[in-house]
Amino acid sequence: MTIYLHPADSTRKPGNLNDPSQDAEALAERDLNPPCVLVFNASDPSGAGGLGADALAMASVGAHILPVVTGAYARDTAEIFDHFPFDEEAIAEQTRAILEDVEVQLIKVGFVGTPDALSTIAETASDYPDVPVVAYMPNLSWWEEDQIEAYLDAFRELLLPQTTVLVGNHSTLWRWLLPDWSGERPPGARDIAKAAGEFGVPYTLVTGMVLPDQFIDNVLASPQSVLASEKYERLEAVFAGAGDTLSAALAALLASGTDLVAAASEALAYMDRCLDAGFRPGMGHVLPDRLFWAEPEDEEGDDDPDTTPDFALPPHDTRH
């Protein structure tokens, strides 16, 4: 099945509508540039998630991030201690400034901190109805209960109607969208997609569904059907930042014009490679290595101690 969310030639640069020759020139120039993704997320000093994770993952996939800072975490690699949000005016001004200059192919929303921030972002998305929105819902169990409830309510009412693809862990989405689930079995991906669909979400990517024999399933679904699934062997380490990595890679691939099913498959494969190459920079969790592809490969027999070290940057195959 092929599902195109955003054909490459479907948009025109705002402000050039009355100058076809200039518009054609701008379109040709854009084809030489990486696609631009407007990202709303918090700053994360650990590098596990947030804007830093978005930037690395998107650059690896070939997209250019336009980062709007919505706040900052106080955290390390083991846990989140607090979050300090920006006010909605600061978020709106960042957004307004870049959108007046750059055409975006997609909007990606991570954790933005407050219902007011969600309202500002939802208003921006509604002003650009032809631009797809990828929204990621992280685990918020570190937060105060009343803050979680207010944030989830605002996200559900304000942002889900603007969302094209919702991304989240199975248990997180289940407890949020189907809190009264009473079935004998846990809800499947299509059950969650149907619940999201009631608020206008056409596609949901559900991750971390536990399977027998140490496998994890990740399923892309619509309210009507399962579109794709990718199964991976469960890794023993405890990771931080997997969801940010996946949602950022998915957003970048969709912005590049990849169809939804292929983009989901490629993003999941990228995340799996990042986790497989994961590293522990501190005393907490393992972080995904989003630049695993840039590491030089070990060559057998190249252990001569007299060999002069080569400090040149390793070549890579990205478009940059």
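Worth saying up front: this structure is predicted, and the values here are computed from it rather than measured.

Draft legend 1. Structural detail: helix H8 (residues 242–255). Counted at 1.5 Å a residue, the expected span for H8 with its 14 residues is 20 Å, and the 20 Å between its end C-alpha atoms agrees. For H8, the tally of buried residues reaches 13 of 14 residues, placing the bulk of the element in the interior. Phi for Gly-257, located one or two positions after H8, is positive at around 100°.

Draft legend 2. Local environment of the sheet that holds strand E8 (residues 215–221). The strand order E3-E2-E1-E4-E5-E6-E7-E8-E9 describes an open sheet built from nine strands, whose pairing is mixed. What marks the edges here is a single partner per strand, and that holds for strand E3 (80–85) and strand E9 (226–233). For this sheet the average axis-to-axis angle between neighbouring strands, irrespective of direction, equals 20°. When strand E5 (residues 133–137) meets strand E6 (residues 165–169), the two strands line up parallel, connected through four bridges. The residue bridging Tyr-136 from the neighbouring strand is Val-167, located in E6. Helix-sheet contacts for helix H6 (residues 170–177) involve E5, E6 and strand E7 (203–211), and the interaxial angle to E6 is about 110°.

Draft legend 3. Spatial organisation of the confidence of the model for the chain. Summary statistics for the chain give a mean pLDDT of 87 and a share of 83% for residues scoring 70 or more. Counting contacts from residues 1–22, a segment whose pLDDT is below 50, to residues more than four positions away or on other chains yields 35 contacts. Note that pLDDT drops below 50 for residues 307–320; the model gives that stretch twelve contacts with residues more than four away or on any other chain.

Conventions adopted
Throughout this document, residue positions are counted from 1 along each chain, in the order its sequence is written. For this predicted model, a pLDDT threshold of at least 70 governs which residues receive local features, and a threshold of 80 or more governs which side-chain atom pairs are given and counted, while totals over whole chains, interfaces and linings are taken from all residues. Side-chain numbers come from the whole structure's heavy atoms, not from hydrogens or water. Each helix is a run of H or I in the DSSP string that is no shorter than four residues. Each strand is a run of E no shorter than two, and both are numbered from the N terminus. Take the number of residues in a helix, subtract one, and multiply by 1.5 Å to get its expected span. Note on exposure labels: buried denotes an accessible area under 20% of the residue type's maximum, exposed denotes more than 50%, and partly exposed covers the range between, all computed with a 1.4 Å probe on protein chains only. Any two strands between which DSSP finds at least two bridges are classified as paired. The angle between two axes is taken between their N-to-C directions and runs from 0 to 180 degrees, where each axis is a line fitted to C-alpha atoms and a helix contributes only its stretch in contact. Throughout, a residue-residue contact means that at least one pair of heavy atoms, one from each residue, lies within 4.5 Å. The predictor rates its confidence in each residue with pLDDT, a number between 0 and 100.

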